[in-house]
Amino acid sequence: MADSFITTNRFFDNKHYPRGFSRHGDFTIKEAQLLERLGQAFNELDTGKRAPQTEEEKLFVAVCRGEREPATPEEKVWTKYSSRINRPKRFHTLSGGKPQIDPSEDYTDTDD
C-alpha cells in the first residue's frame with residue numbers, strides 16, 4: 001500500500017460530519033483516521049477524477065462500482081462512509097397523526 005492512495009490533502013466532510021469523523025460516532029478511531037488521511041484519494045478514485053495507478057486502487061474502484069465486495073480496511077471504511085452519506089435521513093415525530101376510525105363501528109347515539 002506504500003504506493004497506493006497517495007494524497008497530500010486531508011479529507012473532511014463538513015456537510016455530513018461537521019464535527020469530524022471521530023466525534024460523530026459512526027466510525028471507530030482507526031476508521032476515522034483512515035478517512036481523514038486517505039479519504040481525498042478515495043473520493044477522487046470513486047468519482048473518477050483520478051485514474052487508478054496500482055492494482056490495489058483498481059480493486060478499490062471495482063468495489064466502488066459494486067463489482068466486488070470490500071475486502072481491505074480501506075475498501076470497507078469507504079463503503080461504510082458512502083452508505084452513511086447516501087442514505088435518506090430518518091426523522092421522528094412526536095405526534096402519531098389523526099386517530100384511525102373504523103368505519104364498520106357505528107358511534108351514533110341510539111338511546112332515545
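Our structure is the block above this text.
Residues numbered from 1 in each chain as written. Predicted model: local features only at pLDDT ≥ 70, side-chain atom pairs only at ≥ 80, totals over all residues. Heavy atoms only, no water.

Quick word on the environment of P70
- Checked against the element boundaries, P70 lands in the loop between α3 (55–64) and α4 (73–86).
- A sequence separation of 11 residues divides P70 from L59, and the C-alpha atoms of the two residues are 8.9 Å apart.
- When residues no more than four places from it in sequence are discounted, the contact partners of P70 are V63, E75, K76 and T79. (Helix = DSSP H or I, 4+ residues; strand = E, 2+ residues; numbered from the N terminus. Contact = heavy atoms within 4.5 Å.)

A short note on the pattern of salt bridges
- In the structure shown here, the tally under the stated rule is 5 salt bridges.
- Residues R84 and D26 are paired through a salt bridge, measuring 4.0 Å at the closest nitrogen-oxygen approach. In this pair, R84 sits in helix α4 while D26 sits in the loop between α1 (21–24) and α2 (29–47), placing the two residues 58 residues apart along the sequence.
- Under the relative-accessibility criterion, R84 is labelled partly exposed at 27%.
- When its relative accessible area of 17% is taken as the criterion, D26 is described as buried.
- In this structure, E57 and R50 form a salt bridge, with 3.1 Å as the shortest nitrogen-oxygen distance.
- For E57, a relative accessible area of 1% corresponds to the buried category. (Salt bridge = Lys/Arg side-chain N within 4 Å of Asp/Glu carboxyl O. Buried < 20%, exposed > 50% of the residue type's maximum accessible area, 1.4 Å probe, protein only.)

All we've got here are geometric facts, nothing functional implied.
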